[in-house]
Amino acid sequence: MQQVGIIGMAVMGKNLALNIKNNGYSVSVFNITRAETDEVASKYADKNLLATYSWEEFVGSLEKPRKIIMMIKAGSPVDQTIEHLQGILDKGDILIDGGNSFYKDTNRRYQYLRKLGINYIGMGISGGELGALNGPSMMPGGDEEICQKLLPLFKKIAAKTPANEACVNYIGPEGSGHYVKMVHNGIEYGIMQAICEVYDILRNILNLNNTEISDIFDKWNQGSLNSYLISITTNILRQKDPITQKDMVDVILNKADYKGTGNWMIEDALRLGTPISVIFAAVFARFVSNSTLGPLTNLVHSDFTVENRNKFIKQLENALYLAQIISYAQGFEQLSCASKAYNWHLNYANIAQIWEAGCIIRATSLADIKNSFVKHPSIKNILQAPFFEHLVKENLSSLRDTIKNAHECYIPTPVLDAALDYILSIFNAKLPANLLQAQRDYFGAHTYARIDKSGTFHTQWYDEK
Ligand code: 6PG
């Protein structure tokens, strides 16, 4: 009898199966179409990797209670797989969805399978193909008792932080694991777009070529900006196109695609009232890249000169560092709003640790975020922690000046702008929302609160005829 079953032999499923097998567990694998299973079997089948070719053979090969991980496309394929399995699974079996499912679908599936006595775990997995093989970051949600049973396996196959802690832990009830993965992806969108904006400034204002820009990113990667996304950017900028021998990045069409996790995060932010402006800006920047018109004439500022190149580059580094931190800050802010609204009791230090290695947003900064939550568990925003408050003060003028320079040259910086506006707003006790409340009360009698008395007030702003 095999210890773990994997459904879905596309690259993520295959690599996760190999990771589990390489860690000493026996696995059964199954794919809806035969060819993928055959391919895996031809290379890897042995006593610890059993290829199966029907739902019954797959389920029958697993020890009870069965532990089955679905590594399939989110959406209707998950429902179809559940339909196939529900009649042949036994009460107490554990079904895990390792895809990028929408958390509300996971809530629904969890409730449905609970009635049948089947335990359902929605597990966000990050790290791409290599992560799945060598150690992903994993965010399992569902019943705590069931997750605890799975943790020894998950801890073995997960990425490890520099302090050798596993990048997996229990997240919370129902779809919370997939929710946390959705927020991970939103943060990913924010950081990726911030990097792209800085690249755009470097190539347009300093007229640097891709190799020179790569060298700058490489240097930044040795400092506080150290992260997976900066390191892959360094590599991308050095890659040549095998067809034209040009720089790869210059032959790629500049229209950004997306699969929707960023959009989902925004939808929930609108519901919860969470100000995730950086993530909004990053998602919208992808939309805009698909709606561009031809260039406007005169939109080139040819007499802009950079007096101190080193200072300019240092400011860019600081600006990117701060914008990246704001993307994390807004992601964690949304987690805190969701935790309250959905009663999930999320542990933010825990989540920061899960993201410290293995996942796409892994960065040295995540250890600082974790430490801040450990030291100050009641903060609702990481910027309240002294470490980050100081970081904002140190880098704010660089962000402002970078944006000023970019705008002077008509270079759009939607994420950097959103990061600056967010900082200027949340650290401002005198936002002009007093006037806004007055306007609402004037035309709609929507009432307002006062600074000097508690309660709800309305003013008769004009003479009634
Ligand atoms: C990960 C990635 C992964 C996927 C993104 C891409 O954590 O391994 O986030 O889940 O590559 O979701 O998303 P878009 O196609 O929307 O850019």
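Residues numbered from 1 in each chain as written. Predicted model: local features only at pLDDT ≥ 70, side-chain atom pairs only at ≥ 80, totals over all residues. Heavy atoms only, no water.

Asks: Help me out: how do you make sense of the overall build of the chain in this one?
Replies: Scanning the chain for helices and strands turns up 19 helices and seven strands. A globule of 465 residues ought to have a C-alpha radius of gyration of about 23 Å, and the chain, at 25 Å, matches this closely. By its C-alpha atoms, the chain is 75 × 70 × 45 Å across when sized along the principal axes. Here the chain, with 465 residues, has 51% of them falling under the buried criterion. Contacts spanning at least 24 positions in sequence make up 66% of the contacts within the chain whose residues lie at least 6 apart. If you sum the accessible surface of the chain, you get close to 22500 Å²; carbon and sulfur atoms cover 53% of it. (Helix = DSSP H or I, 4+ residues; strand = E, 2+ residues; numbered from the N terminus. Rg over C-alpha atoms; globule rule 2.2 N^0.38 Å. Buried < 20%, exposed > 50% of the residue type's maximum accessible area, 1.4 Å probe, protein only. Contact = heavy atoms within 4.5 Å. Areas by Shrake-Rupley, 256 points an atom, 1.4 Å probe, with all protein chains shown as cover.)

Asks: Got a minute to help me understand the pattern of salt bridges in this structure?
Replies: It is possible for side chains bearing opposite charge to pair when their charged atoms get close. Under the criterion given, the structure shown has 21 salt bridges. Of the charged contacts in the structure, one is a salt bridge between Arg 203 and Asp 200, with a shortest N-O distance of 3.0 Å. Residue Arg 203 and its partner Asp 200 are both found in helix H8 (residues 176-204); the two are separated by three residues, about one turn of the helix. What makes Arg 203 partly exposed here is its relative accessible area of 37%. Exposure remark for Asp 200: the relative accessible area of 14% places this residue in the buried category. Of the charged contacts, one joins Asp 215 and Arg 238 as a salt bridge, the two residues approaching to 3.1 Å between their closest N and O atoms. Taken together, the residues span a long stretch of sequence, with Asp 215 in helix H9 (residues 210-221) and Arg 238 in the loop between helix H10 (228-236) and helix H11 (248-251) at a distance of 23 residues. It is possible to trace a salt-bridge network through shared partners that takes in Lys 64, Arg 66, Asp 90 and Asp 93. (Salt bridge = Lys/Arg side-chain N within 4 Å of Asp/Glu carboxyl O.)

Asks: Which parts of the structure should I look at to understand the sheet that holds strand E1 (residues 4-7)?
Replies: Remark on secondary structure: sheet strands pair via backbone hydrogen bonds, oriented parallel or antiparallel. Judged by pairing direction, the sheet is mixed, and its seven strands sit side by side in the order E3-E2-E1-E4-E5-E6-E7 without closing on themselves. Both edges of this open sheet fall to strand E3 (49-51) and strand E7 (137-141), since each of them pairs with a single strand only. Sheet twist, expressed as the average angle between the axes of neighbouring strands with direction ignored, equals 25°. Here strand E2 (residues 27-30) pairs with E3 via three bridges, running parallel. Among the inter-strand pairings, Ser 28 is bridged to a residue of E3, identified as Leu 50. (Pairing = 2+ DSSP bridges. Axes fitted to C-alpha atoms, helices over the stretch in contact; angles between N-to-C directions.)

Asks: Which parts of the structure should I look at to understand the nonpolar core?
Replies: Among soluble globular proteins, nonpolar side chains are generally buried collectively. Among the nonpolar cores identified, the biggest contains 87 residues, and Leu 202, Phe 217, Trp 220, Tyr 328, Phe 332, Leu 335 and Trp 355 are the most heavily contacted of them. Residue contributions to this core peak at 16 residues, all from helix H14 (residues 309-342). Leave out the neighbours within four places in its chain, and Tyr 328 touches Ile 187, Ile 191, Ile 361, Ala 363, Ser 365, Leu 366, Ile 369 and Ile 382. Grouped together as the second largest cluster of nonpolar side chains are 33 residues, Val 4, Leu 49, Met 123 and Ile 146 included. (Core = buried A, V, L, I, M, F, W, Y, C linked by side-chain atoms within 4.5 Å.)

Asks: Where do I start with the pairing of E2 in this structure?
Replies: Working note: regular strand, side chains alternate between the two faces of the sheet. On E2, burial covers both faces: Val 27 and Val 29 on one face and Ser 28 and Phe 30 on the other are all buried. In terms of strand pairing, E1 meets E2 through four bridges, oriented parallel. Bridge pairing links Gly 5 to Ser 28 in E2. Read as a crossover between parallel neighbours, the route from E1 over helix H1 (residues 11-22) to E2 is right-handed. In this fold, E2 hands off to helix H2 (residues 34-44), which returns the chain to E3; that crossover is right-handed. (Right-handed = clockwise from strand over helix to strand, strands pointing away.)

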